Amino acid sequence: MKNALIATALAVACCGQAARAADGPYLDDRSSPEAVVRSLYNAIDRHDYARAWGYFGEVKPAKDFDSFAKGYENTDSIELRVGSISEEGAAGSIYYGVPVAILATDKKGEQRVFAGCYTLRQVNADQEPPFNPIHIDKGELKPSTAALDEAVPESCGDGPPPPKKDAVLEQAKKAFLTAYGDQCDKETPEHKPISEPAAYSIHYKDKDAAEGEPDREARLFRFYCHMAAYNESAVYYVADTVTGVRQLQFAVPELDIRYENDDHEGKVDSITVTGFQTEDTAINSAYDEATRTISTHALWRGVGDASSAGTYLFRNGRFALVQYDVDASYDGEANPETVVDYNTPP
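Residues numbered from 1 in each chain as written. Predicted model: local features only at pLDDT ≥ 70, side-chain atom pairs only at ≥ 80, totals over all residues. Heavy atoms only, no water.

### Here's the deal with the overall build of the protein
Move 1: The secondary structure content of the protein amounts to 6 helices and 17 strands.
Move 2: The proportion of buried residues among the 346 residues of the protein is 41%.
Move 3: Intrachain contacts of the protein at a sequence separation of at least 6 include 53% that bridge at least 24 residues.
Move 4: When the accessible surface of the protein is summed, it comes to about 18600 Å², and 48% of that surface belongs to carbon and sulfur atoms. (Helix = DSSP H or I, 4+ residues; strand = E, 2+ residues; numbered from the N terminus. Buried < 20%, exposed > 50% of the residue type's maximum accessible area, 1.4 Å probe, protein only. Contact = heavy atoms within 4.5 Å. Areas by Shrake-Rupley, 256 points an atom, 1.4 Å probe, with all protein chains shown as cover.)

### What to know about the state of the cysteines
Move 1: For the structure on display, the rule yields 2 disulfides.
Move 2: Two residues share a disulfide in this structure: Cys117 and Cys156, whose sulfurs sit 2.0 Å from each other. Across the S-S bond of Cys117 and Cys156 the torsion is about -90 degrees, and the bridge reads as left-handed. With a gap of 39 residues between them, Cys117 in strand 4 (residues 111-123) and Cys156 in the loop between helix 5 (148-151) and helix 6 (167-180) connect regions that are remote in the sequence.
Move 3: Given a relative accessible area of 25%, Cys117 falls into the partly exposed group.
Move 4: For Cys156, a relative accessible area of 6% translates into the label buried. (Disulfide = S-S within 2.5 Å.)

### Quick look at helix 2 (residues 33-45)
Move 1: The end-to-end C-alpha separation of helix 2 is 19 Å, in line with the 18 Å expected for 13 residues at 1.5 Å each.
Move 2: Within the sequence span of helix 2, burial applies to Pro33, Ala35, Val36, Val37, Arg38, Ser39, Leu40, Tyr41, Asn42, Ala43, Ile44 and Asp45.
Move 3: Within two residues after helix 2, His47 carries a phi angle of roughly 65 degrees, on the positive side. (Expected span 1.5 Å × (residues − 1).)

### A look at the pairing of strand 8 (residues 232-240)
Move 1: In terms of burial, strand 8 is a largely internal element, 9 of the 9 residues being buried.
Move 2: With burial as the criterion, each face of strand 8 is covered, one bearing Glu232, Ala234, Tyr236, Val238 and Asp240 and the other bearing Ser233, Val235, Tyr237 and Ala239.
Move 3: Summarising the sheet, strand 7 (residues 216-227) and strand 8 pair through 8 bridges and their orientation is antiparallel. Along strand 8, the bridge assignment pairs Tyr224 with Ala234.
Move 4: Hairpin connection of strand 7 to strand 8: 4 residues between the antiparallel strands.
Move 5: Note that strand 8 and strand 12 (residues 282-283) share 2 bridges and pair antiparallel. (Pairing = 2+ DSSP bridges.)

### Overview of the packing of aromatic side chains
Move 1: All told, the structure shown has 14 aromatic pairs when counted by the stated rule.
Move 2: Ring geometry for Trp53 versus Phe65: centroids 5.8 Å apart, planes at 85 degrees, classification edge-to-face. With Trp53 in helix 3 (residues 49-54) and Phe65 in helix 4 (residues 65-70), the pair connects residues that are 12 residues apart, well separated along the chain.
Move 3: Overall, Trp53 belongs to the buried group, its relative accessible area being 16%.
Move 4: What links up through ring pairs into an aromatic cluster is the set Tyr200, Tyr204, Tyr287, Phe314 and Phe319. (Phe/Tyr/Trp six-rings, centres within 6.5 Å; stacked < 30°, edge-to-face > 60°.)

### Considering helix 6
Move 1: Helix length check: helix 6 (14 residues) gives 20 Å between terminal C-alpha atoms against 20 Å at 1.5 Å per residue, within 8%.
Move 2: Every buried residue of helix 6 is accounted for by Leu169, Ala172, Lys173, Phe176 and Tyr180. The buried residues of helix 6 all sit within an arc of 100 degrees when viewed along its axis, so they share a single face. Turned more than 90 degrees from where helix 6 packs its buried face, Ala167, Lys174 and Thr178 sit exposed.
Move 3: Near the N-terminus of helix 6, the side chain that reaches the backbone nitrogen of Val168, with its oxygen 3.2 Å away, is that of Asp166. (Arc of directions from axis to C-beta. Polar contact = N/O pair within 3.5 Å; in protein donor to acceptor, adjacent residues only side chain to side chain.)

### Brief notes about the confidence of the model for the protein
Move 1: Mean pLDDT for the protein: 86, with 90% of residues reaching 70 or above.
Move 2: Counting interchain partners and residues more than four positions distant, the pLDDT-below-50 stretch residues 1-8 has 16 contacts.
Move 3: Predicted confidence is poor over residues 11-23, with pLDDT under 50, and the contacts of this stretch with residues over four places away or in other chains come to 40 contacts. (pLDDT = per-residue confidence, 0-100.)

### So, the side chain of Asp327
Move 1: Of note, Asp327 is situated in strand 16 (residues 318-327).
Move 2: One buried charge, Asp327, has no salt-bridge partner; the nearest side chain with opposite charge is Arg301, at 9.2 Å.
Move 3: There is a polar contact of 2.8 Å between the side chain of Asp327 and the backbone nitrogen of Asn335.
Move 4: Leaving out residues up to four positions away in the same chain, Asp327 has contacts with Trp300, Asp305, Ala306, Ser307, Glu333, Ala334, Asn335 and Pro336. (Lys, Arg positive; Asp, Glu negative; His and termini not counted. Salt bridge = Lys/Arg side-chain N within 4 Å of Asp/Glu carboxyl O.)

Given below as structure tokens:
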């Protein structure tokens, strides 16, 4: 019965990204139980049904391979969440309990959440060919009425209790997914969910603080959004006890760029700042904890000879633009000039 349930859930949920299969990254990783589960869904997304079938051990999720493959005809997309994994040794093997929740969207746009547990087995004893890698031993997913992130079981079997949730992080994740969940890629280039940001803690002294008053803390969250041909975009949120969770907006100068003979491929005559605007994403960005700066570097074309770069300094609880460099010449060389310079220490 359990195998029938898992087969049904997989049939509804796993095969959905048929139209995007050719564009999706290839992931075949058996280095951990989580990696195997992610690889299973990757294989089905890419229509690699034989590979997906191969992640299961002797007990398969359907009566035969043809039934397994045929079951994936009506799903359009799928999202996966993995919970806290348990581990137990027995008779030369290690068994892992992997809590899972999936959100399946069918071709009519209807969505259903399934949740449950996979049991994976890793044989530890010395083996003789053919080698038996870590594999899915069994699984059971059932429909759930909870939201995707809330549907993941706390544990499987005797697994460890889930870590205590970080309320501020959860607020930032919710704000990001609400605003950008449909705009950004489904996962990072490292095959991690985009809902898992890089997080930083910034301790600072408020400029109006009384003597002996403790430092304040701001938290910075960097969410990967999208990878284009040569530019990667990210979205940032910052949180503190004064303003709560808010999205960072990046000040960017408006530029009047003049070229010799009005030839955009020619020599730059002048660059004039005519005003400022804001952008909600940062291109090719990184946060430097040592200098407390976010840097951006947008390439105007693939060879990288024309670009713009900003430096945003954290001071007194906020990030401010302190330097902006522009290389407006398409001459095959990197020769930026600074057009905004407030780059003074706090």
